[in-house]
Amino acid sequence: MSPTKIIDVLLVEDDPGDVLMTREAFEDNKVANRLAVVSDGVSALAYLRKEGEYADVPTPDLILLDLNLPRMDGREVLQALKQDEDLRSIPVVVLTTSESEEDVLRSYSLHANAYVTKPVDFERFIDVVRQIDEFFVSVVRLPTR
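Criteria and cut-off values
Residues numbered from 1 in each chain as written. Predicted model: local features only at pLDDT ≥ 70, side-chain atom pairs only at ≥ 80, totals over all residues. Heavy atoms only, no water. Phe/Tyr/Trp six-rings, centres within 6.5 Å; stacked < 30°, edge-to-face > 60°. Buried < 20%, exposed > 50% of the residue type's maximum accessible area, 1.4 Å probe, protein only. Core = buried A, V, L, I, M, F, W, Y, C linked by side-chain atoms within 4.5 Å. Helix = DSSP H or I, 4+ residues; strand = E, 2+ residues; numbered from the N terminus. Contact = heavy atoms within 4.5 Å.

### Notes on the packing of aromatic side chains
Reasoning step 1: A complete count under the given rule lists 1 aromatic pair for this structure.
Reasoning step 2: Seen from their ring centres, Tyr47 and Tyr54 are 5.3 Å apart, and the 55° between their planes marks the pair as tilted.
Reasoning step 3: Note on Tyr47: relative accessible area 7%, which makes it buried.
Reasoning step 4: Classification of Tyr54 by relative accessible area gives buried; the value is 15%.

Have a look at this one:
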C-alpha cells in the first residue's frame, strides 16, 4: 500500500458556517489534508501570491472557491488566478450557493475545473466536500509543486 497523499487545500469562503462544515468534512474524512482558509478575494490572491502575512504559506494543490465574496468576488479571483502563469495550473472547484446558469457558464469559461452547488442540508454538504476531497486525492493526478 502506498502512503497516504496529503494535499494542501485553500478554502476561499466568507461564511463561517460553511467554513466550519468544510473543516468538519475534512477532519471526519480518512485523509488528513491541510486546509487553509481565507475569507475574501483580496486575501485569496495575497495568499496565492505569497504576499505579506502569507509569505511562507504552501502553494495549494487545490482551491475551493466561493463566488460571492467581499472585497473581490470569486469570479474576479478565478479570472486573476487563471491569467497568472505561476498559478493557473492549480485546480479550482467553485463551491457556491449559486445555481445560476450564468455563473456556471462564466466559471467554466474562466477555466474552473468543476462547479459544485453547496447543498443546504448539513449531512449532504459534508458528503459533497468529502467527495471533492477524495476525488482530488485518490483519482486525480495533481501537478507537482
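Okay, back to it.
### What to know about the nonpolar core
Reasoning step 1: In terms of nonpolar packing, the biggest core is built from 27 residues, with Leu10, Val12, Leu48, Ile63 and Leu65 touching the most fellow members.
Reasoning step 2: Elements that contribute at least two residues to this core include exactly strand E1 (8-12), strand E2 (34-38), helix H2 (41-48), strand E3 (62-65), helix H3 (74-83) and strand E4 (92-96).
Reasoning step 3: Counting residues per element, this core draws most heavily on H2, which supplies 5 residues.
Reasoning step 4: If sequence neighbours within four positions are ignored, Leu48 has contacts with Leu10, Pro60, Ile63, Leu81, Leu87 and Ile90.
Reasoning step 5: Counting residues in each nonpolar core, the second largest holds 21 residues, with Ile7, Val116, Ile132 and Leu142 among its members.

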